[in-house]
Amino acid sequence: MPVSWPELAAGLLSGGALVKILGPMFAEFRRRREDSKSARALVDFHLDPILKAADELVGKLRSLAQSDFDEIISLTYEGITIDFDDDDADLDEIMKYGDILYLLAQFWAQIQILRIEGLNLNLTRDKRGAKLRSFFRALEARRTRLVDRAWQRAIGEALIDDTGARLRTITLYEFIQRYKSSPDFRDWLSPLFFALLEVEDRRERQRFLVYGAIIHSLLDTLDPRYQVSTKRTGWANKLNDRSRRDLKRRVFAVYLPFVKKPGTYYSVDR
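Residues numbered from 1 in each chain as written. Predicted model: local features only at pLDDT ≥ 70, side-chain atom pairs only at ≥ 80, totals over all residues. Heavy atoms only, no water.

> How should I be thinking about the overall build of the chain in this particular structure?
Counting its secondary structure elements, the chain contains ten helices and two strands. Secondary structure elements of the chain occur, N-terminal to C-terminal, as α-α-α-α-α-α-β-β-α-α-α-α. Put simply, the chain has 270 residues, and 43% of those count as buried. A sequence separation of at least 24 residues applies to 77% of the contacts in the chain between residues at least 6 apart. (Helix = DSSP H or I, 4+ residues; strand = E, 2+ residues; numbered from the N terminus. Buried < 20%, exposed > 50% of the residue type's maximum accessible area, 1.4 Å probe, protein only. Contact = heavy atoms within 4.5 Å.)

> Before we go on, may I ask you to explain the packing of aromatic side chains in this structure?
For any pair of aromatic rings, the description rests on two quantities: the centre-to-centre distance and the angle between the ring planes. Enumeration according to the criterion identifies ten aromatic pairs in this entry. Consider the rings of Phe 252 and Tyr 265, whose centres lie 5.7 Å apart with planes at 20°: the pair is stacked. Here Tyr 265 lies in the segment after α10 (241-255) and Phe 252 lies in helix α10, a separation of 13 residues in the sequence. The same class applies to Phe 252 as to Tyr 265, namely buried. Taken together, the ring pairs in this structure connect Tyr 102, Phe 175, Tyr 179 and Phe 185 into an aromatic cluster. (Phe/Tyr/Trp six-rings, centres within 6.5 Å; stacked < 30°, edge-to-face > 60°.)

> Even after reading the chapter, I still don't get helix α6 (residues 149-158), so can you show me in this structure?
Along an α-helix, residues three or four positions apart point the same way, because every turn accommodates 3.6 residues. When α6 is considered as a whole, its buried residues turn out to be Gln 152, Ala 154, Ile 155, Gly 156 and Ala 158. Measuring from the backbone nitrogen of Ala 150 back to the side-chain oxygen at the start of α6 gives 3.0 Å, which picks out Asp 148 as the cap. (Polar contact = N/O pair within 3.5 Å; in protein donor to acceptor, adjacent residues only side chain to side chain.)

> Hey, could you run me through the nonpolar core in this one?
Within the largest apolar cluster, 74 residues are counted, with the highest numbers of intra-cluster contacts made by Phe 107 and Phe 175. It is helix α4 (residues 91-117) that provides the largest number of residues to this core, a total of 14 residues. The residues touching Phe 175, leaving out its near neighbours within four places in the chain, are Gly 98, Leu 101, Tyr 102, Leu 159, Ile 170, Phe 185 and Leu 189. (Core = buried A, V, L, I, M, F, W, Y, C linked by side-chain atoms within 4.5 Å.)

> It is not clear to me how the packing of helix α5 (residues 127-140) against helix α9 (residues 202-222) should be interpreted in this structure. Could you clarify?
Think of two packed helices as two axes; the pair is described by the angle between the axes and how far apart they sit. Where α5 contacts α9, the two axes come as close as 10 Å, and the packing angle between them is 175°. It follows that α5 is roughly antiparallel to α9 by the angle criterion. Residues Arg 128, Lys 131, Leu 132, Phe 135, Ala 138 and Leu 139 of α5 pack against Tyr 211, Ile 214, Ile 215, Ser 217, Leu 218, Thr 221 and Leu 222 of α9. A class-by-class count of the residues in the contact of α5 with α9 yields nine nonpolar, two polar and two charged. (Axes fitted to C-alpha atoms, helices over the stretch in contact; angles between N-to-C directions. Parallel < 35°, antiparallel > 145°, perpendicular 65-115°, else oblique. Nonpolar A, V, L, I, M, F, W, Y, C, P; charged D, E, K, R; others polar.)

> Honestly, α10 in this entry has me stumped. Any pointers?
Over its 15 residues, α10 extends 20 Å from the first C-alpha to the last, a length consistent with the 21 Å expected when each residue adds 1.5 Å. Maximal helix bending in α10 amounts to about 35°, located at Leu 247. Within the span of α10, buried status applies to Ser 243, Arg 244, Asp 246, Leu 247, Arg 250, Val 251, Phe 252 and Tyr 255. Elements that come into contact with the buried residues of α10 comprise α5 and α9. By the N-cap criterion, in which a side-chain oxygen at the helix start approaches the backbone nitrogen of a residue two or three places on, α10 is capped by Asn 240, the distance to Arg 242 being 3.2 Å. (Expected span 1.5 Å × (residues − 1). Bend = angle between axes of the 7 residues up to and from the residue.)

> Whenever I open this one, the packing of helix α7 (residues 172-181) against helix α8 (residues 183-197) confuses me. Can you help?
Contact pair α7 / α8: the axes reach a minimum separation of 7 Å and the direction vectors enclose 105°. Between α7 and α8, the interaxial angle falls into the category roughly perpendicular. Here α7 contributes Phe 175, Arg 178, Tyr 179, Lys 180 and Ser 181 to the contact with α8, which in turn contributes Pro 183, Phe 185, Arg 186, Leu 189 and Phe 193. Broken down by class, the residue content of the contact of α7 with α8 amounts to six nonpolar, one polar and three charged.

> Looking at this structure, how should I read a nonpolar patch on the surface?
Together, Leu 91, Met 95 and Leu 172 make up an exposed nonpolar region whose accessible area comes to about 230 Å². On the secondary structure map, Leu 91 appears in helix α4. Using a relative accessible area of 38% as the deciding quantity, one classes Leu 91 as partly exposed. (Patch = residues over 30% accessible without salt bridge, like charges linked within 9 Å, V, L, I, M, F, W, Y side chains within 5 Å. Areas by Shrake-Rupley, 256 points an atom, 1.4 Å probe, with all protein chains shown as cover. Salt bridge = Lys/Arg side-chain N within 4 Å of Asp/Glu carboxyl O.)

> Just checking my understanding: could you explain the environment of Ile 113 for this structure?
Assignment of secondary structure puts Ile 113 in helix α4. For the pair Ile 113 and Ile 50, spaced 63 residues apart in the sequence, the C-alpha separation amounts to 9.6 Å. Once you skip the residues sitting within four places of it in the chain, Ile 113 turns out to touch His 46, Ile 160, Leu 167, Arg 168 and Thr 169.

> Before we go on, may I ask you to explain the pattern of salt bridges in this structure?
Note that side chains of opposite charge can pair when their charged atoms are close. Applying the stated criterion across every chain yields a total of 17 salt bridges. Here Glu 140 makes a salt bridge to Arg 149, at a shortest N to O gap of 3.5 Å. According to the relative accessible area criterion, Glu 140 is buried, its value standing at 5%. Classification of Arg 149 as partly exposed rests on a relative accessible area of 36%. Overlapping salt bridges bring together Arg 115, Glu 140, Arg 149 and Arg 153 as one network.

Okay, structure coming up:
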């Protein structure tokens, strides 16, 4: 006599077969849900510091863009450079470069803290985390990054203080003190320092402008209500044709397709 579906279902339930079949599925569901909760908690904790560091950096880069980096270029013309082997380097001269050096390194340090503390978590389990990861990939891409990827991460880690209960970035005061007193610390910062010295070349300035445009879009995307950051206009008018094409066809089309109104960051004909 054929067995009906209700009888078959009753047999499965009574025999525990259904539990054996669906048990692994439920276990996987619970694991994914816990991973999502952990990723969300990680992003909740680290997003604000990253946004604040990005906001300070974008403000500085916008100021440099408006002046065509005259603030830095004029230092080179004045002969103000730092001898990395001179422990008695003038504090005032260090401060002239220290601001932008610190803001860039601080931003990289916040990214590294997130990476370190989220080493065993899949950041993409959270929507904001997935977008953050895409922004990091865009900023570290070969044609985008300001220094080699390994150097960027090392420079960020040089600014991390691990003596407390949680990792933190050192303050500007601590940064300048270390920069002035430690030849090793200056050596770690040297690739970024020399990249800044090259902004006298227009092509090198474009690298910083493109890099800043990506961070600007990060702020607008992940803090759309500007609860942490400041709403700012961009500097598309300072970009050359090649930089605009690169942002349009590579950065936003390939790495950041989710960014709304990407033309905001590269188009002067909006």
